[in-house]
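Okay, here's what each chain looks like letter by letter:
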Amino acid sequence: MRTEWLNQESMQTEAAASTPAGGLSRRGFMKAGAVLGGGLVLGFFIPGANKFANAQAGKTVFQPNAFLHIAADNSITVQVNRLEFGQGVHTALPMLIAEELDADWAQMRGALAPAGDQYKDPAFGIQMTGGSGTIKHSFMQYREIGAKARAMLVAAAAEQWKVAPEQVKVAKGVLSGPAGQKSNFGALADAAMKQAVPASVKLKDAKDFHIIGKPVKRLDSRLKSTGRQEFGIDFKAPNSKVVLVARPPVFGAKVAKFDASKAKAIKGVIDVLEVATDRGGRGLAVIAEGYWPAKQGRDALVVEWDSSAVEKVSSDKQLAEYKELAQKPGVSAKQADTSKLAAAPTKITAVYEFPYLAHAPMEPLNCVIDLRADGCTVWAGSQFQTIDQGAIAATAGLKAEQVVLNTMMAGGGFGRRAVPTSDYLVEATNIAKAWNASGKSGPLKVMWSREDDIKGGYYRPAHVHRAELGLDDKGRIVAWNHTIVGQSIISGTPFEPMMIKNGVDHTMVEGMGEPYEVPLNLSVHNVKANVPVLWWRSVGSTHTAFVMETLIDEAAHAAKMDPVAYRRQLMGEKAKRHLAALDLAVAKSGYGKKVLPKGQAWGVALHESFNSVVAYVVTASVKKGVPKLHSVTAGVHCNLAVNPLTIEAQVQGAVLMAVGTTLPGAAITLKDGVVEQQNFSDYPVARMPDMPQVAVHIVPSADAPTGMGEPGLPPLAPAYANALFKLTGKRLRKLPFDLASA
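The numbers attached to residues start from 1 for each chain and follow its sequence in the written order. Residue-level local features of this predicted model are given only where pLDDT is at least 70; pairs of side-chain atoms are given and counted only at 80 or more, and the full residue set underlies all totals for whole chains, interfaces and linings. Note that water and hydrogens are dropped before the side-chain values are worked out from all heavy atoms of the structure.

Visitor: Explanation requested: the overall build of the chain in the structure shown.
Guide: Across its full length, the chain carries 17 helices and 32 strands. In this treatment the radius of gyration is a C-alpha quantity, and the globule benchmark scales as 2.2 Å times the residue count to the 0.38 power. A globule of 742 residues ought to have a C-alpha radius of gyration of about 27 Å, and the chain, at 27 Å, matches this closely. Within the span of the chain, comprising 742 residues, buried residues form 60% of the whole. Counting rule for charge: Lys and Arg are taken as positive, Asp and Glu as negative, and neither His nor the chain ends is counted. Here the site of a charge means NZ on Lys, CZ on Arg, CG on Asp, or CD on Glu. Separation between the mean location of the 82 positive side-chain charges and that of the 67 negative ones in the chain comes to 3 Å. Helix and strand definitions here come from DSSP, where helices need a minimum of 4 consecutive H or I residues and strands a minimum of 2 consecutive E residues; each element is numbered from the N-terminal end. Remark: exposure states derive from per-residue accessible area (1.4 Å probe, protein chains only) relative to the maximum for the residue type, with buried under 20%, exposed over 50%, and partly exposed in between.

Visitor: How do you make sense of the sheet that holds strand β18 (residues 375-380) when you look at a structure like this?
Guide: In sheet architecture, strand pairing relies on hydrogen bonds along the backbone and comes in two forms, parallel and antiparallel. In short, DSSP must find at least two bridges between two strands for them to pair. One open sheet holds the seven strands; their spatial order is β11-β12-β9-β20-β17-β18-β19, and the pairing between them is mixed. Each edge of the open sheet is held by one strand with a lone partner, namely β11 (269-276) and β19 (403-407). Between one strand and the next, the sheet's axes are offset by a mean angle of 25°, whatever the strand orientation. Relative to β19, β18 runs parallel, the two being bridged by five bridges. Across the sheet, the residue bridging to Val 378 is Leu 405, located in β19. Against the sheet, helix α6 (residues 291-300) engages β9 (241-246), β11, β12 (282-288) and β20 (444-447), with an angle of about 25° to β9. Between N-to-C directions, angles cover 0 to 180 degrees, with each direction set by a line fitted to C-alpha atoms, over the stretch in contact for helices. Contacts were defined at the residue level, with two residues in contact if any of their heavy atoms lie within 4.5 Å.

Visitor: Explanation requested: the side chain of His 607 in the structure shown.
Guide: By the element assignment, His 607 lies in strand β27 (residues 600-609). Polar contacts here mean pairs of N or O atoms no more than 3.5 Å apart (in protein, one a potential hydrogen donor and the other a potential acceptor; neighbouring residues in sequence count only if both atoms are side-chain atoms). In this structure the side chain of His 607 is engaged in a polar contact, spanning 2.9 Å, whose partner is the side chain of Ser 541.

Visitor: How do you make sense of the packing of aromatic side chains when you look at a structure like this?
Guide: Here is the rule: rings of Phe, Tyr and Trp (six-membered ring for Trp) pair when centre to centre is within 6.5 Å. Planes less than 30 degrees apart are stacked, more than 60 are edge-to-face, and the remainder are tilted. In total, this model carries 14 aromatic pairs according to the counting rule given. On the numbers, 6.4 Å between centres and 65° between planes, the contact of Tyr 356 with Tyr 459 is edge-to-face. One end of the pair, Tyr 356, is in the loop between β15 (346-354) and β16 (357-358); the other, Tyr 459, is in strand β21 (residues 459-460), with 103 residues separating them in the sequence. Neither residue differs from the other here; Tyr 356 and Tyr 459 are each classed as buried. Ring centres 6.2 Å apart and planes at 80° place the aromatic pair Phe 384 and Phe 495 in the edge-to-face group. Taken together, the residues Phe 384 in the loop between β18 and α8 (385-396) and Phe 495 in the loop between β23 (477-486) and α11 (496-499) connect sequence positions 111 residues apart. Here Phe 384 falls in the buried class, since its relative accessible area comes to 1%. Feature note: the residues Tyr 352, Phe 354, Phe 546, Tyr 720 and Phe 737 constitute an aromatic cluster, connected by ring pairs. The ring of Trp 448 has Arg 247 lying over it, and the distance from NZ or CZ to the ring centre is 3.8 Å. Charge-over-ring contacts are defined here by two conditions on Lys NZ or Arg CZ: a distance within 6 Å of the ring centre and an angle within 35 degrees of the ring normal.

Visitor: Help me understand the pairing of β12 in this model?
Guide: On a regular strand, one side chain projects to one face of the sheet and the next to the other, so that they alternate. Counted residue by residue, β12 has six buried out of seven residues, so it is predominantly covered. Relative to β12, β9 runs antiparallel, the two being bridged by five bridges. For Val 242, the partnering residue across the bridge sits in β12 and is Ala 288. Pairing analysis gives seven bridges linking β11 to β12, with the strands arranged antiparallel. Bridge pairing in β12 links Val 275 to Gly 283. Connecting β11 to the antiparallel partner β12 that follows it, the hairpin turn spans five residues, and Arg 279 within it adopts a positive phi of roughly 60°.

Visitor: Explanation requested: the nonpolar core in the structure shown.
Guide: Counting residues in each nonpolar core, the largest one holds 121 residues, and the members touching the most others are Tyr 356, Ile 477, Trp 480, Tyr 616 and Val 651. The contact partners of Tyr 616, leaving out residues within four places of it in the chain, are Gly 603, Val 604, Ala 605, Val 632, Thr 633, Ala 634, Val 651, Val 655, Gly 712, Pro 715, Leu 716 and Ala 719. Residues belong to a common nonpolar core when they are buried Ala, Val, Leu, Ile, Met, Phe, Trp, Tyr or Cys residues joined through side-chain atoms within 4.5 Å.

Visitor: Where do I start with the sheet that holds strand β7 (residues 174-176) in this structure?
Guide: Within the open sheet, the three strands sit side by side as β6-β7-β8. Their pairing is antiparallel. The sheet terminates laterally at β6 (169-171) and β8 (182-184), the two strands that pair on one side only. On average, each strand axis in the sheet is inclined to that of its neighbour by 25°, with strand direction left out of account. Relative to β7, β6 is paired through three bridges, and the arrangement is antiparallel.

Visitor: Before we go on, may I ask you to explain the environment of Glu 427 in this structure?
Guide: Within the fold, Glu 427 resides in helix α9 (residues 423-437). What makes Glu 427 buried here is its relative accessible area of 4%. It is 43 Å that separates the C-alpha atoms of Glu 427 and Ala 695, two residues lying 268 residues apart in sequence. Excluding residues within four positions of it along the chain, Glu 427 makes contact with Val 245, Arg 247, Ala 276, Thr 277 and Trp 448.

Below you can see the structure in the form of structure tokens.
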């Protein structure tokens, strides 16, 4: 999600003054000596709240759940206020504290924070992971925690040694005095806890960083690489039962009638309960002693579904309707003069097609829920802790503070674990309510199979673009008329009032026209359809970047210009970061200088999303009609790179995921309202043989960091398509690629 999507309306509380831009309230820090058994425990809360936050925030008594705990054994545990699901925040956020604390990296530990007001994102006002905003929003936040903890340790040492604080030096977790005194953090932690939290601290200059900006191995890599990391799907509460749900095949359909006798006859099946599912639907929850009996029981159910009251989408019919709509102007998103289009000597007309896409994380959805009369405890890999906690509470008839939501390590998500409706957690709460109403109690582990995940929504929306470009006799774009058709991912969500302006969902048009100085006249049609849609890694840029960068390449070809030179010509003064990223990728790849092997060609594309720019120069080939991506050289401008290794990994992962969108069959299609795909056998994802050689180069910068979780994905497919055009002479106008029909 983009930062600007959630420009919250801040509300002041009596607890603290407002939060300064990029930092924390001076009175927002607190200490909690007894919470973690001694040592220095430093926490804070974010006093600003918004309408997406807990409605009771102004009345909440903030508990001092710490962000930082320095224990007597000299270990330093940092509470990570996000979800770690592969992007590296479990390491990057502790790096920020370690830098200002002057800790030894070997001391550092990470722990995922539960849902809590003190863990809310400083910019969004809710606890969440998304929009590539973790480092961008918490860069100052976590550094201030480290700096204030350091100041308290220094004050404690100065008091014990009877010296001035400025005489105490700190390096790699050791404090040194002027007369040779030495102490580690753990030995001074209790004494530091007695010091006052400083009202303000001076943070380091970037030139003095010794951890930030350096390649640091991830804190979670050893556990994950040895198979010992516990993910949400691994967690099982004592005496918990496993639940699988038979959901309606058409979204929002209901149970007409069912026979559970065969299911209940299976050993290990405890009960079958009819429950509410997402979008007003009804399903059947099979509760069993383990996953296998739950699956066998679900397979044995005899169910008749009633879908008479809901729309049944078919992809072929929908595509035809979208193409027809694209012929007509929609709601205006950008206005420009297109009067020169009719007389332009060169015209480009193109229609682009993009299918629904499933998120398909490696770990399907799951949670463990223990609902009681006086409260509820949930374990889940949540991207939306504040919203999910509130939704669970509302469904259970509890107050938000009665719900303990423990954040579990997750195996991917790409947006699927950040749903405004909290669909899978609300469903789990409904199951727990029905379970308790049947006279039983205890924790339930609600699991989704791969088939449930792919067939059960939510999806990246399908889109159609129609573009008309006019070029003058020098190849310059003098008019550009453009229409986009698709569902809005924001309509009907709590974010609608701020993110849909004048009928335009910003996410649908983000990146259109940028960073080029072109006369773009842009309109949109927001279509309603009974298919649940959601942001997907890089959101609207998943389709807008492909359209922009292939059309710019096509215009360069029509102008008989090199595609890099053509792009440079179209960029204005505001595009310095774009030019820097592009120039770096070009220089490092050898584009225009290196002779490629016979049968290979270059492709170029760049795009900005989440305030970061990624430029790609790729090489590709086609053999017997099958395209192959060989190499990818990335130029990345994300301002200050906190951990270059994380950025490299993010780009590598984004490249592979983007390659997946080009593979035959990489589309979610529907027939009579039913999703036709169900597993990786018919919804392919990119695998190791599809992975090209990837070289990542970062533009040096000391400016405050921007996001990197998503920006690596959008420009890959268009760069690849541009290379394939040079090899085949065919312009690819849809994803996944289809060279035969291009």
